[in-house]
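# Commentary on secondary and tertiary structure
So you can see what is in the structure, the chains are spelled out below.
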Amino acid sequence: MATKVFLRDFMTPKKIRNYLIAVVVFGGLIFSLSGGGESFVLSDSAGGMIGIGIAFTSTAYVIYTYSTWDKIRLYVALPIGKWKLLGGYFLALWLCTLLQRMSFVILVLAVFGKHVWENVCLLLLSSGAAVLINIGILLGRNAKRRGLVFANVALLLLLLALQLPCFAFREKLLFSVSAGLAAAALWIPCRETDLILRHQPGKTACRNRRIVNYFLRTMLAEKIYMVNTVCIFAFLIVLCIAGRSNPIMWNVAWCVGAVNTPLLTMLSADVWTSRQIVMLPGRNNNLYAQYAVFLGGYFVLVNLALVLGRYLIVGEAGISDFLMAAILAAVETGAAVFMEKNGRITGWQTKQELWKNPRKYVLPLIIFALVSVRYLLRL
Amino acid sequence: MLEVKNLSVWYTKDRPVICHADVTLKDHQVVGLLGVNGAGKTTLINTLSGVHTEFEAEQILQDGARIGFSDDAFKRRRYTVFTEEQAFGYWSFSEYKKYMEKVYQTRLDEQYVQYLVEGFRFQEYREQYMNKLSTGNRKKVFLILGFALRLPLLILDEPLDGLDFGAAEFLYEVLRGHKSCGSVLMSSHIAESIEMTCDEVLLLNQGVMTSKEIQDGTDIRKEVKEWLRDGD
């Protein structure tokens, strides 16, 4: 019953059907593209590593955003034992991860992996352990027990290390099961907390009073926006280094800044503020202007960082690059605000679902087209 | 003040929530909106507020001039307090007030704002972020500013939800006082609030709207039961 309660928040029958269709289509595509050849083979340790990586990162987003919802308080008040509730929460998260993420990875493993069954087993078990660890981190934070948070993080790192190729399949399997059990055991010290699932948003918000821009203030107050932005900058640095003189990589790098979906869907994510914007008179309502200024600032920073990276790594950055950065920032800002104004995403159940909406690909595609035109003109 | 003829509202067009209703709000009156759960009160309020756009109306007139619910001219003359509101969580009351002054191009009467703040016992929360406020205090932010704007039309969806006893009493007082500057459309499930403040009631029952005058000394509980029975 507890699993059903949470599953209803994560899934609808329509979404399950759509995912199943997507899995079938994806399976057909990669089977036909692989052509039966062995041009690309995944290593033996891939299943465990991928399982942990994807399950941990994808559920981290869901846990962080979903657990701040008021409805969690109602669930905690239900006449369901805390262990049952926690178990249900874990099962619901794991089932969602299996359907939304792992099903695709299993197909990739089936086509490109060597030891398919072993890899799939590892994938399932290690992803379960990763979800258990993730919930453990949430519980540790809610109970304000840093030691438990560190213990869970250490367990995650250990689990990752034990998936290295130097260990045999059976050992890896045993490690994954043990890690899962250890993570569940780490829940025990938190069992008394009333905030068993509810994560309290940080109290950092009051420090940002001098910031006038509402969206900048929101970004600084909600860690998820900051974390995502920092990750994008880190990824840009990696791309700059890997790209060097490869124009395709540089073109991709220009697009990376445009996939900061949490920032680009801030109004879709805040249904209450969106409703106020619609209700209030539009002529002097400067909220879209504030959003444009905020996004403009972000895009200018990202694009300038890229030009700087190009200068530092390849040693070439001219006026045309700065001009390109400025033009792209203007296009990105205009397009992003236009989409939020005229095509706001509605009907999402979790923030992760909102951020996964296919609309996220529109802006990078526009940018890729623009930078490709520039590259072709140069040729 | 506002006259809407032949209004139909729907989520799926073949199953309208409100069918061919006429809504008339007279000047300087408090009009109650009554109906059982799911009757369409919030949908009607969302439609009048420009938030719900699945509707058609033969004619919408404000002071005799044709308007649309999403027209800026209409929006500048009305404000809505929704039943559940969590907007602008990272603003305080004072910041939202400044924003309202900018949006409505007006300077709020500080004395009146202060009177409302004190009446609703909100003084100590003025500078707190709205996402840190309780449900009732958050509601007070929007009620205070709704009244302080002194617009010709104020729309309130379940304004008593979340308010404590003292705040509810003060709300009745302010509602009666607001008639001097404009009209109020207020949905409510609480008979007392209708009895104490409303001049007229719009009854929404199975998609059909009927208007009833409220006379002094009317026993609203008895009347509502009869109206609902008549509607069935």
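Everything that follows concerns the structure shown earlier in this document.
The structure contained in this document is the topic of the report that follows. Predicted, not measured: the structure shown is a model, and the values here were computed from it. (Residues numbered from 1 in each chain as written. Chains lettered and ligands numbered in written order. Predicted model: local features only at pLDDT ≥ 70, side-chain atom pairs only at ≥ 80, totals over all residues. Heavy atoms only, no water.)

Right, let's get into helix H9 (residues 214-221) of chain A. Residue and element names in this part refer to chain A. Among the 8 residues that make up H9, 6 are buried, leaving the element largely enclosed by the rest of the structure. Of the residues making up H9, those classed as buried are Tyr 214, Phe 215, Arg 217, Thr 218, Met 219 and Ala 221. For H9, the capping residue at the N-terminal end is Asn 213, with a side-chain oxygen 2.9 Å from the backbone nitrogen of Phe 215. (Buried < 20%, exposed > 50% of the residue type's maximum accessible area, 1.4 Å probe, protein only. Helix = DSSP H or I, 4+ residues; strand = E, 2+ residues; numbered from the N terminus. Polar contact = N/O pair within 3.5 Å; in protein donor to acceptor, adjacent residues only side chain to side chain.)

Once that is clear, we can look at the pattern of salt bridges. Residue and element names in this part refer to chain B. Counting across every chain of the model gives 14 salt bridges over all chains. Close ionic contact of Glu 56 with Lys 13 constitutes a salt bridge, the shortest N to O distance being 3.9 Å. Of this pair, Glu 56 sits in strand E4 (residues 55-56) while Lys 13 sits in the loop between strand E1 (2-12) and strand E2 (15-25); the two residues are 43 residues apart in sequence, bridging distant segments of the chain. Glu 56 gets classed as partly exposed once you look at its relative accessible area, which sits at 42%. Between Lys 140 and Asp 164 there is a salt bridge, with its nearest N and O atoms 3.5 Å apart. Pair noted here: Lys 140 is in helix H5 (residues 135-148) and Asp 164 is in the loop between strand E8 (153-157) and helix H6 (165-178), with a separation of 24 residues, a long-range link. Residue classification places Asp 164 among the partly exposed positions, given a relative accessible area of 41%. Bridged by salt links that share partners, the residues Lys 26, Glu 200 and Glu 213 form one connected network. (Salt bridge = Lys/Arg side-chain N within 4 Å of Asp/Glu carboxyl O.)

For the structure shown, the criterion picks out 25 aromatic pairs over all chains. Ring geometry for Phe 6 of chain A against Tyr 75 of chain A: centres 5.4 Å apart, planes inclined by 90°, an arrangement best described as edge-to-face. Pair noted here: Phe 6 of chain A is in helix H1 (residues 2-10) and Tyr 75 of chain A is in helix H4 (residues 71-77), with a separation of 69 residues, a long-range link. A single burial state applies to Phe 6 of chain A and to Tyr 75 of chain A, both of which are buried. With centroids separated by 5.2 Å and ring planes inclined at 45°, the aromatic side chains of Phe 55 of chain B and Phe 69 of chain B adopt a geometry described as tilted. Placement of Phe 55 of chain B in strand E4 and of Phe 69 of chain B in the loop between strand E6 (65-66) and helix H2 (72-75) is noted, with a sequence separation of 14 residues between them. With a relative accessible area of 23%, Phe 55 of chain B lands in the partly exposed category. (Phe/Tyr/Trp six-rings, centres within 6.5 Å; stacked < 30°, edge-to-face > 60°.)

A few words on the interface of chain A and chain B. In this assembly, 28 residues from chain A lie in contact with 32 residues from chain B. Where chain A abuts chain B, roughly 2700 Å² becomes buried across the two surfaces, and 54% of that area is made up of carbon and sulfur atoms. Considering only the side of chain A, the residues that lose the most area to chain B are Trp 272, Arg 275 and Met 279 of chain A, jointly responsible for 23% of the buried surface there. Our enumeration of links across chain A and chain B arrives at 2 salt bridges. Where Glu 95 of chain B meets Arg 217 of chain A, a salt bridge forms, and the shortest distance between an N and an O atom there is 2.5 Å. On inspection of chain A and its partner chain B, the count reaches 15 residue pairs in polar contact (both at pLDDT 80 or more). Counting residues per element, the ones that place at least two in the side of chain A that touches chain B are H9, helix H14 (271-279) and helix H15 (287-313) of chain A. The class makeup of the residues in the side of chain A that touches chain B is 11 nonpolar, 10 polar and 7 charged. (Contact = heavy atoms within 4.5 Å. Buried area = accessible area lost by both parts, 1.4 Å probe. Nonpolar A, V, L, I, M, F, W, Y, C, P; charged D, E, K, R; others polar.)

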